[in-house]
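Coordinates in review
One letter stands for each residue in the lines below.
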Amino acid sequence: MSQPFTLIVTDTSPLFTLALAGSLDTLLRPGLPVRIPDAVYIEATRVHGAPGAEQIVEWINAHLDLVQIVPTDIGIDQQRRLEEGRGIRGLGEQAAIEALERFLRSDTTAEALLLFEDSDIERRQAVFDRRVSLISTGDFLRELETAGLIQSTDYILDQAAAQGRNVERQRLAGEDSTTRERLREQLTRRGEPPIEPSR
Amino acid sequence: MTETDKEKLIRQYAAGEITWHSLRERGFEDYVQVLGALGELGLRPPIAAMQGPNVEARQRGRAVIREALRANK
C-alpha cells in the first residue's frame, strides 16, 4: 500500500459490537494503525466493570503498538462535564472530527479511514475530502469475511446481540436486587424485622 | 419509555429505518443497551445498504481494507 492509512474510530458502537462478540482483534487484521479519540474511549470505558468496557481496556493495553488514544480539546471538555454531572452525548463524534483534522494537518500525505456504525454512516453528510474514506462495522466485517478471515459477518453480529441480551438481563437483575436491598435497609432502620414472604 | 415503545424503536433500527443516533436521542443510554434489546428480540445490528451521500467514500473505504488485508496476509 503506497499511502499511510490510519483507522479512526468515530463512535463507541463498533468497539462495543466487536468487544461483546469477542472479536476486537479483527480491527487489527488489516495491519493499519488504529486511533481512538479520547472522548470515544472515555465514553466506552468510564463505567468501571461495565460490559464491554473491561475488554476494550485490556485489548488496547495489549496492542499499544497499534492502538492509540488521541487527546482532544473535546475530551477535556468531556472530562469537565463529567465532573459537573452534565451530559456528554455526542462528544465522541466531535472528538473524532477534531482528531481527524489534527491527523490530516500533521501529515499532508496521510489518509484516514473513519469507522462508523452502520445506520449512521448511511445518513450522515457527504464526505468530499479525497483523503478521507469511510467504513462501517458491517462493511468492515464483510471484507474480512470475503478474505476468509472470519466465519461470517452475521455470526459476529448475532454474537454481539446475544451477549448484549445476557448483559442486559444481568444488569436488570442487579438493579432489581439493589431495590430489594434498599427496601430491606429501610425496614431494618425503623427497627422492624424484614417481612417474610407469605406462604 | 415503555417496553412497547422500546421494542418498536429497536425493530425500526434493525430494519434500517432509524439510526443509532436517533435511538440515543430517544433514551437509549449506550450501545450495549441497544445490542441487548436486539438480542432480546432475536435481531442483529443492521448493515447499511450501499446507498446515500457517502457511497463513493464507503467504496474507497472497503477498497482500502481489501488492499490492506491482501498486503498483510
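Rules of the game
- Residues numbered from 1 in each chain as written.
- Chains lettered and ligands numbered in written order.
- Predicted model: local features only at pLDDT ≥ 70, side-chain atom pairs only at ≥ 80, totals over all residues.
- Heavy atoms only, no water.
- Buried < 20%, exposed > 50% of the residue type's maximum accessible area, 1.4 Å probe, protein only.
- Helix = DSSP H or I, 4+ residues; strand = E, 2+ residues; numbered from the N terminus.
- Arc of directions from axis to C-beta.
- Contact = heavy atoms within 4.5 Å.
- Pairing = 2+ DSSP bridges.
- Axes fitted to C-alpha atoms, helices over the stretch in contact; angles between N-to-C directions.
- Salt bridge = Lys/Arg side-chain N within 4 Å of Asp/Glu carboxyl O.
- Polar contact = N/O pair within 3.5 Å; in protein donor to acceptor, adjacent residues only side chain to side chain.
- pLDDT = per-residue confidence, 0-100.
- Buried area = accessible area lost by both parts, 1.4 Å probe.

**Description of helix α4 (residues 73-83) of chain A**
All names here are of chain A. What α4 keeps buried is the set Ile74, Gly75 and Gln78. Take α4 and look down its axis: the buried residues cluster within an arc of 100°, on one side only. Where α4 is buried, its residues meet α2 (38-45) and α5 (91-106). Positioned one or two residues after α4, Gly85 has a phi angle of 75°, which is positive.

**Section: the sheet that holds strand β2 (residues 34-37) of chain A**
Two strands in a sheet stick together by hydrogen bonds in their backbones, pointing the same way (parallel) or opposite ways (antiparallel). Residue and element names in this part refer to chain A. Read across the open sheet, the 5 strands follow the order β3-β2-β1-β4-β5; overall the sheet is parallel. Because the sheet does not close on itself, it has two edges, and the strands there are β3 (67-70) and β5 (132-136). The average angle at which neighbouring strand axes cross in this sheet is 30°, direction not considered.

**Looking at the pattern of salt bridges**
As enumerated under the stated definition, the model contains 17 salt bridges over all chains in all. With a shortest N-O distance of 3.4 Å, Asp139 of chain A and Arg62 of chain B are connected by a salt bridge. Of this pair, Asp139 of chain A sits in helix α7 (residues 137-146) while Arg62 of chain B sits in helix α4 (residues 55-71), which puts the two residues in different chains. Each member of the pair, Asp139 of chain A together with Arg62 of chain B, is buried. Residues joined in a network through salt bridges with shared partners are Asp139 and Glu143 of chain A together with Arg58, Arg62 and Arg66 of chain B.

**Thoughts on the side chain of Ser13 of chain A**
All names here are of chain A. On the secondary structure map, Ser13 appears in helix α1 (residues 12-20). The class of Ser13 is buried, set by a relative accessible area of 1%. A distance of 2.6 Å separates the side chain of Ser13 from the side chain of Asp11, its partner in a polar contact.

**What about the confidence of the model for chain B?**
Overall, the prediction assigns chain B a mean pLDDT of 93, with 100% of residues at 70 or greater. Listed scores for the predicted complex are pTM 0.87 and ipTM 0.93.

**Here's the deal with the interface of chain A and chain B**
In this complex, chain A contributes 56 residues to the contact, which on the side of chain B involves 44 residues. Summing both sides of the interface, chain A and chain B together bury roughly 4,400 Å²; the carbon and sulfur share of this comes to 55%. Along the contact surface separating chain A from chain B lie 10 salt bridges. Residues Glu143 of chain A and Arg66 of chain B are paired through a salt bridge, measuring 2.9 Å at the closest nitrogen-oxygen approach. Across the chain A-chain B interface, the total number found is 21 residue pairs in polar contact (both at pLDDT 80 or more). Secondary-structure elements contributing two or more residues to the side of chain A that touches chain B are α1, α6 (118-123), β5, α7 and α8 (153-189) of chain A.

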